[in-house]
Amino acid sequence: MKKIGISIIVLCLVLVFAFFKVPVQSVASSKDAHQTDFVVLSGTSTDVDTIYSENYQKKIKAQIERLKLTGNFSFKSPLLIKNPYGTNTTSIYMYFTTDIDSYVTYTISCDGYKDYSQTLNIKSTTGVTQTHEYSLIGAIPGETNTITLKLYTKSNQLINTLSFTYDAPELLGGNKYKTVTTTSYSEDDLQDNGLYCVLGNDVTEETNKKAYMRFYDENGVIRSEMPIKSYRPHRLLFKDNTMYYSISSTSIVGVDSSGYVKEFYNTGDYSLHHDYIFDTEGNFLVLATKKNDETSEDRIISINASTKEIKEIVNFKTVFKNYYTLTQKPSSADTLDWMHINSLGLVGNNSLIISSRETSTIIKLNTIYTNPSIDYMIGSDRFWDSTGYESKLLTKTSDFSMQAGQHYVTYEEDNSLPKGQYYLYMFNNNYCYSSTRSNYKWQNDTNYSNAFFTMKSGTSYYYKYLVNENARTVSLVSSIPVAYSPYVSSSQELYGQLIADSGMQMSWSVYNLDGTLLRTYQTTGGKFLYRVLQYDLKGYLFQ
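Residues numbered from 1 in each chain as written. Predicted model: local features only at pLDDT ≥ 70, side-chain atom pairs only at ≥ 80, totals over all residues. Heavy atoms only, no water.

Student: It is not clear to me how the overall build of the chain should be interpreted in this structure. Could you clarify?
Tutor: Helix and strand counts for the chain come out as five helices and 34 strands. Here the chain has a C-alpha radius of gyration of 26 Å; the compact-globule value for 543 residues is 24 Å, and the two agree. Put simply, the chain has 543 residues, and 56% of those count as buried. Looking at the chain as shown, the accessible area adds up to about 23200 Å², and 47% of this sits on carbon and sulfur atoms. Once the 49 positive and 54 negative side-chain charges of the chain are each reduced to a mean point, those two points are 5 Å apart. (Helix = DSSP H or I, 4+ residues; strand = E, 2+ residues; numbered from the N terminus. Rg over C-alpha atoms; globule rule 2.2 N^0.38 Å. Buried < 20%, exposed > 50% of the residue type's maximum accessible area, 1.4 Å probe, protein only. Areas by Shrake-Rupley, 256 points an atom, 1.4 Å probe, with all protein chains shown as cover. Lys, Arg positive; Asp, Glu negative; His and termini not counted. Charge placed at Lys NZ, Arg CZ, Asp CG, Glu CD.)

Set out below in structure tokens:
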């Protein structure tokens, strides 16, 4: 009986091994003597619709998990796979284990380019781990890159070094995006705070044209290309080692730090546009258009992160019922885009700062989940005269020219300010126009003493307001002239510097907050850059 029992155990082990054992194919990482072996998975695809499907992602992940179980992967002999999940063109998936707690740094070197170095995120509060799973980004497309990894103890003692070469693939979106033209004005002051993420490049939600997110370093060199189905991402959101972004006008995904698409969200009877954020519970708040409706870009929906339930929480036709009746659809338009909401900012638990391009107005909404109501508005008293909303306008503390056609309004708290006061900053496009109130004479509105009324030439601004809710006032506390962009664009304050994307100029610039221009990045390949935001990817890919 004992022998029979042992035989059964052996048979079971053989069967288990046979189940997990998969034929492993490999390919050289480059054509030179410093190459290493990359594992080749079966059934992979470059079709973006296939890539962003749950079945495909699970199939690829299952292969990788089987490899991890059957292989004995060490730092000197890791599991390496080129972009297995299809979500990052030049990336390398890496997996290995160590006998001691450790962390990893890596440097990518390529002739003609500056080195790119990072410390990898080990997803542990201790700063070290024995299980290492990463996605290495930063390789120069179409070039032979040397990748050098270093393994360290928790006390920063070097354990080992691994180096190999990698012939990175060409960009899927075209080699013209490999670099952008940089012009430096005060280079010594420029800070390296991460990668510039270019979001949107003239791909509209009505088309099915493939689109891409592109990440550039401070030298204007691309370090990552991420394909999406269509339209554009509007910002990146991060939670629990996962990055969330839209891949079309009807889908948002969550991608973990290995490149695996672990979460899929759809927008149901709505299409998303312009912006989405997390609320305090980690659920999505999304600017939306109700499908097959006569109006557009005038709803806000919530998507529960756990159940994926979709709820409409704000209908601006209800909130601005009286104003809605004053607007008219242009004869050339398919729908009435009468508010054109283009950004969201969460205040507290249930209030929102929204930007309405069509009315050149910033609006604060309260009690958004139960009974959305207007707290205040920042806009022209002449524009809103006799609409029934005049009492909601904040009073200007000085005679400054108001924002016009603004984008990407950002809410900023400051602990040095009294309660009830905070900042709002934005890209002030400074272009006065409303297609749904064509009879309004913007040129006669004295609130816009420094604005422009043509798309051909002008000056846009970074604007920063101090809002005093107690006094019901708004003050202009900072104004920096930037390249003119009548539509789209963004501004971002980061570590004492300003990143201003002048979208219709196909450029973005970095300034000190005193207005000193440090560097300009100029690209091509479309009609506009919707937004350019900088992300350090710490807590996600890096630490």
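Student: Please explain the environment of Phe400 as it appears in this structure.
Tutor: Residue position: Phe400 is located in the loop between β25 (395-396) and β26 (407-412). Sequence separation between Phe400 and Met506 is 106 residues; the distance between their C-alpha atoms is 28 Å.

Student: Which parts of the structure should I look at to understand unusual backbone geometry?
Tutor: The general pattern is negative phi for most residues beyond glycine and trans for most peptide bonds. Unlike most non-glycine residues, Glu297 shows phi in positive territory, near 55°. Among the structural elements, Glu297 can be located in the loop between β18 (284-290) and β19 (299-303). One non-glycine residue, Arg472, lies in positive phi territory at about 60°. Inspection of the secondary structure assignment puts Arg472 in the loop between β28 (460-468) and β29 (473-482). The partly exposed category is assigned to Arg472, whose relative accessible area is 29%.

Student: In this structure, what is going on with the sheet that holds β18? I would like to understand it.
Tutor: Backbone hydrogen bonds hold the strands of a sheet together, and the pairing may be parallel or antiparallel. If you walk across this open sheet you meet the four strands as β17-β18-β19-β20, and the pairing is antiparallel. Strands at the two margins of the open sheet, each flanked by one partner only, are β17 (270-278) and β20 (310-315). Between one strand and the next, the sheet's axes are offset by a mean angle of 30°, whatever the strand orientation. Strand direction decides the pairing type here: β17 and β18, joined by six bridges, are antiparallel. (Pairing = 2+ DSSP bridges. Axes fitted to C-alpha atoms, helices over the stretch in contact; angles between N-to-C directions.)

Student: I would appreciate a short explanation of the side chain of Arg437 in the present structure.
Tutor: Structurally, the position occupied by Arg437 is in the loop between β27 (421-428) and β28. In this view, Arg437 contacts Tyr323, Leu326, Thr327, Glu358 and Phe383; residues no more than four positions away in its chain are not counted. (Contact = heavy atoms within 4.5 Å.)

Student: How do you make sense of the sheet that holds strand β23 (residues 361-366) when you look at a structure like this?
Tutor: With respect to topology, four strands assemble into an open sheet ordered β21-β22-β23-β24, the strand pairing being antiparallel. The open sheet is flanked by β21 (341-347) and β24 (373-378), the only strands paired with a single partner. Averaged over all neighbouring strand pairs, the angle between strand axes comes to 25°, with direction disregarded. In this sheet, β24 lies alongside β23 in antiparallel orientation, the contact comprising five bridges. If you follow Ile363 over to β24, its bridge partner there is Met377.

Student: Which parts of the structure should I look at to understand the side chain of Glu225?
Tutor: Turning to its location among the elements, Glu225 is positioned in strand β12 (residues 222-228). Buried and unpaired, Glu225 has no salt bridge, with Arg214 as the nearest side chain of opposite charge at 4.5 Å. A polar contact of 3.0 Å, which involves the side chain of Glu225, links it to the backbone nitrogen of Leu172. Discounting residues that sit within four places of it in the chain, Glu225 has contacts with Thr87, Asn88, Thr89, Leu171, Leu172, Gly173, Tyr212 and Met213. (Salt bridge = Lys/Arg side-chain N within 4 Å of Asp/Glu carboxyl O. Polar contact = N/O pair within 3.5 Å; in protein donor to acceptor, adjacent residues only side chain to side chain.)

Student: Just checking my understanding: could you explain the packing of aromatic side chains for this structure?
Tutor: Per the counting criterion, the structure on display carries 39 aromatic pairs. Judged by centre distance (5.3 Å) and plane angle (15°), the rings of Tyr103 and Tyr152 are stacked. Linking Tyr103 in strand β4 (residues 92-110) with Tyr152 in strand β7 (residues 144-152), this pair joins segments that are 49 residues apart in sequence. Residue classification places Tyr103 among the buried positions, given a relative accessible area of 13%. Given the relative accessible area of 17%, Tyr152 is considered buried. Taken together, the ring pairs in this structure connect Phe316, Phe320, Tyr323, Tyr324, Trp338, Phe383, Trp384, Tyr389, Tyr440, Trp442 and Tyr448 into an aromatic cluster. We note Lys61 situated over the ring of Tyr260; from NZ or CZ to the ring centre the distance is 4.8 Å. The ring of Phe383 carries Arg437 above its face, with NZ or CZ at 4.4 Å from the centroid. (Phe/Tyr/Trp six-rings, centres within 6.5 Å; stacked < 30°, edge-to-face > 60°. Lys NZ or Arg CZ within 6 Å of the ring centre and 35° of its normal.)

Student: Mind showing me how you'd approach the environment of Asp279 here?
Tutor: Locating Asp279 in the fold gives a position in the loop between β17 and β18. Given a relative accessible area of 10%, Asp279 falls into the buried group. Residues Asp279 and Ala305, spaced 26 residues apart in sequence, show a C-alpha to C-alpha distance of 10 Å. Look past the residues within four positions of Asp279 in its chain and what remains in contact with it is Leu285, Leu346 and Tyr369. Here the side chain of Asp279 touches Gly282 through a polar contact of 3.0 Å, landing on its backbone nitrogen.

Student: I would appreciate a short explanation of the pairing of strand β5 (residues 113-119) in the present structure.
Tutor: For a regular strand, the rule is simple: side chains alternate between the two faces of the sheet. In terms of strand pairing, β4 meets β5 through five bridges, oriented antiparallel. Across the sheet, Thr105 pairs through a bridge with Thr119, a residue of β5. From the end of β4 to the start of β5, which pair antiparallel, there are two residues, and Gly112 there has a positive phi angle of about 90°.

Student: Can you help me understand the pattern of salt bridges in this one?
Tutor: When the charged atoms of two side chains with opposite charge come close together, those side chains can pair. This model, assessed by the stated rule, comprises 18 salt bridges. In this structure, Arg299 engages Asp293 in a salt bridge whose closest nitrogen and oxygen atoms are separated by 2.7 Å. The buried category is assigned to Arg299, whose relative accessible area is 7%. Residue Lys364 is joined to Asp375 by a salt bridge in which the shortest nitrogen-to-oxygen separation is 3.2 Å. One end of the pair, Lys364, is in strand β23; the other, Asp375, is in strand β24, with 11 residues separating them in the sequence. Just as Lys364 is buried, Asp375 falls in that class too.

Student: Explain the environment of Tyr448 to me, please; I cannot follow it from the model alone.
Tutor: Within the secondary structure, Tyr448 sits in the loop between β27 and β28. We classify Tyr448 as buried; its relative accessible area is 3%. It is 8.2 Å that separates the C-alpha atoms of Tyr448 and Cys432, two residues lying 16 residues apart in sequence. When neighbours within four sequence positions are excluded, Tyr448 is seen to be in contact with Ser360, Ser380, Ser401, Met402, Gln403, Ala404, Cys432, Trp442 and Phe453.

Student: Could you clarify how one ought to interpret helix α3 (residues 54-70) in this entry?
Tutor: What sets the pattern is the α-helix's 3.6 residues per turn: residues three or four places apart point alike. Spanning 17 residues, α3 covers 24 Å between terminal C-alpha atoms, matching the ideal 24 Å at 1.5 Å per step. By the burial criterion, the buried members of α3 are Tyr56, Gln57, Ile60, Gln63, Ile64, Leu67 and Lys68. The buried side chains of α3 occupy one side of the element, clustering within an arc of 140° when seen end-on. Away from its buried face, by an angle of more than 90 degrees, α3 presents the exposed residues Asn55 and Leu69. Close packing links the buried residues of α3 with β2 (37-40), α2 (48-51), β3 (79-82), β4, β6 (129-136) and β16 (261-266). (Expected span 1.5 Å × (residues − 1). Arc of directions from axis to C-beta.)

Any functional reading would require information that these geometric values do not contain.
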